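Residue-level listing of the chains:
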Amino acid sequence: MTDNTIQMNLFQYFLDDNQFTVKEATNLVNSVMKVNNESIRARIYEGVEKGLFEKVSRGVYKVTSQINGNRNDCLLINGDGRDLSMIPDNSIDGIITDHPYDLSKALTGGNRKFASYELFKYNQKDFEEKQRVLKDGAFLVEFLPEESEINYKYLFEIKDMAIKSGFKYFAKVPWKKGDFVANTGRKSKNVEDVMIFSKGEPRTLKLDAKKNIEIATKNNIAIKGKTSYEVRDILINKGFDVCYMKGTNGMLPTTFDYQPRGKNDKVMEAEKPVELLESIISYISNPFETLLDQYAGSGNFVVACLNTNRNSIAIEKDEVMFNKMVENIQSQVELDDCELER
C-alpha cells in the first residue's frame, strides 16, 4: 500500500463522517495491512497540507473535499493515470477517457507530428484496473480512432482485453466532428468512435416507460401527452417508485455531432468538446455520482462534470499539461470545490 493509497482509503472511509480520530484512522489502516503508526500519522498530516483533511482539534480531523454525496466536487491529480492503486475497489460510477495511443504512423503526416505527449498501448492490466475500481454495472467509455489499415488490429486487441477483464460490449457510437475534416491517410476523416462497455450486466438507467405508465394509470394519475421523463417526475413527486431497465439513460443516438474547438483555441491536440462530454455523461450516470478520467488532458471532462452536477476525479501525468488543464478549468468554471493533488 502506497502513501497515496493510505490517504485515499482514509478519505473514502470517513467521507460521510464529520470527523475522525488518529486512533480510528490507525485501526482502519492496520485492518488492511501492517503499517507503522507514525507512518499513518505522517500521511494524515500530509493530507491536511493537501486539503484532503481539515484539523478540528488535536488528533481529530474532518474530510472537507467530498467526491461523493450531495456536493458537486472534483479531485485533480498530477499523476500517472495507469496507476489507480490509490482508488478503492468498486468506488467509481463511470470512466470516460481517451488514452494517448501509440500508433506512430497514424499520428504523423508529411512534415507534421500531431502528438507531442507520451504515447502508449493498453495492456491487460490496464483493463483489470478499470474493472477493479468501477462499480458493478457501471459504464466504461473509451474514445478510439476510426478503424483503418493501421489500427484495426490494436482496436480488436482493446475490445478483447476489455472482455477478458469482465467487461461486456455495450455499444459503439461515432462522434461526428461537425464540419471538421482531416485529410490524412487513405480517406478523409471526421469521426472518432465512442466505445461503451459495462462492468458485467449494465446498470439500470433506462426508464421503463410501459411500467411507469401502468403505475400512473392504476393510480388515476393524469399523464396524457407527457414524455417518459415527465411521467417519471410526476411519479417521484407523488411518492411512487419509478421503474428502470438495464442500459443507458435513454436510447443512444446514431451519432454524437459536436464541433471541436478551433485549432487556435485548443488546449491540446486531442481534446474533446465540453458539450460532447456532457451528453455522454448524461447517458451513463446520475447527478452527484463520481466519474473518472485517467488521461484528463485539457480538463474539459471536469468542466462537463461540474456543468452536469457530477463529481469527478481527473488524472494528468504531464506537469505542463496539468497546469494548462487547471487554467482551462478555471477559465470556464469556479474551482472552489476542487482539490489539487500533486
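Residues numbered from 1 in each chain as written. Predicted model: local features only at pLDDT ≥ 70, side-chain atom pairs only at ≥ 80, totals over all residues. Heavy atoms only, no water.

To continue, consider the nonpolar core. In this structure, Leu76, Ile96, Phe143, Val194, Phe256, Ile280 and Val302 are the most contacted members of the largest nonpolar core, which totals 35 residues. Secondary-structure elements contributing two or more residues to this core are β4 (74-78), β8 (134-145), β9 (167-176), β10 (191-199), α8 (274-284), α9 (300-307) and α10 (319-332). In terms of residue count, the dominant contributor to this core is α8 (seven residues). Sequence-distant contacts of Ile280, that is, excluding residues within four places in its chain, are made with Ile96, Val141, Phe143, Val194 and Phe256. Counting residues in hydrophobic clusters, the runner-up holds 28 residues, among them Phe127, Met161, Met195 and Ile313. (Core = buried A, V, L, I, M, F, W, Y, C linked by side-chain atoms within 4.5 Å. Buried < 20%, exposed > 50% of the residue type's maximum accessible area, 1.4 Å probe, protein only. Helix = DSSP H or I, 4+ residues; strand = E, 2+ residues; numbered from the N terminus. Contact = heavy atoms within 4.5 Å.)

Counting buried positions along strand β15 (residues 311-316) yields six of six residues, so the element is predominantly enclosed. Residues Asn311, Ile313 and Ile315 point to one face of β15 and Ser312, Ala314 and Glu316 to the other, with burial holding for every one of them. Two strands pair when backbone bridges link them, and β4 and β15 are joined in this way by five bridges, in the parallel orientation. For Asn78, the partnering residue across the bridge sits in β15 and is Glu316. In the sheet, strand β14 (residues 290-293) pairs with β15 via four bridges, with the strands oriented parallel. What sits directly across from Asp293, in β15, is Ala314. Note that the unit made of β14, α9 and β15 has a crossover that is right-handed. (Pairing = 2+ DSSP bridges. Right-handed = clockwise from strand over helix to strand, strands pointing away.)

With that out of the way, let us pick up the packing of aromatic side chains. A complete count under the given rule lists eight aromatic pairs for this structure. Where Tyr122 meets Phe127, the ring centres are 4.9 Å apart and the plane angle is 65°; that geometry is what we call edge-to-face. For Phe127, a relative accessible area of 0% translates into the label buried. Ring centres of Phe139 and Phe170 lie 5.1 Å apart, and the angle between their planes is 70°; this geometry places the pair in the edge-to-face category. In this pair, Phe139 is assigned in strand β8 and Phe170 in strand β9, connecting sequence segments 31 residues apart. Residue classification places Phe139 among the buried positions, given a relative accessible area of 0%. Residue classification places Phe170 among the partly exposed residues on the basis of a relative accessible area of 27%. An aromatic cluster is present here, built from Phe120, Tyr122, Phe127 and Tyr295 joined pairwise through their rings. A cation over a ring is seen here: Lys121 above Tyr154, with NZ or CZ 5.5 Å from the ring centre. The side chain of Lys272 reaches across the aromatic face of Phe143, ending 5.0 Å from its centre. (Phe/Tyr/Trp six-rings, centres within 6.5 Å; stacked < 30°, edge-to-face > 60°. Lys NZ or Arg CZ within 6 Å of the ring centre and 35° of its normal.)

Going through the model one piece at a time under the given rule, you end up with 16 salt bridges. A salt bridge links Lys130 to Glu142, with the shortest nitrogen-to-oxygen separation between them at 2.8 Å. With Lys130 in helix α4 (residues 124-133) and Glu142 in strand β8, this pair connects stretches of sequence that are twelve residues apart. Take Lys130: its relative accessible area is 0%, and that puts it in the buried class. The partner of Lys172 in a salt bridge is Asp193, and the shortest N-O contact between them spans 3.9 Å. (Salt bridge = Lys/Arg side-chain N within 4 Å of Asp/Glu carboxyl O.)

Moving on: unusual backbone geometry. With a phi angle near 55°, Asn220 is a residue other than glycine that sits in the positive phi range. In this structure, Asn309 is a non-glycine residue whose phi angle is positive, near 60°. In this fold, Asn309 is placed in the loop between α9 and β15.

The subject of this paragraph is the confidence of the model for the chain. Model confidence for the chain is summarised by a mean pLDDT of 80, while 74% of its residues fall at 70 or above. Ranking the elements of the chain by mean pLDDT puts strand β7 (residues 112-113) last with 38 and α4 first with 97. pLDDT under 50 marks residues 61-69. Its contacts with residues more than four places away, or in other chains, come to 51 contacts. Note that pLDDT drops below 50 for residues 106-116; the model gives that stretch 15 contacts with residues more than four away or on any other chain. (pLDDT = per-residue confidence, 0-100.)

Take the pairing of β8 next. Extensive coverage of β8 is indicated by the burial of ten of its twelve residues. Note: strand β5 (residues 92-97) against β8, five bridges, orientation parallel. By the bridge assignment for β8, Gly94 is matched with Phe139. The sheet contact formed by β8 and β10 spans seven bridges and is antiparallel. Residue Phe143 lies in a different strand from β10, and its bridge partner there is Val194.

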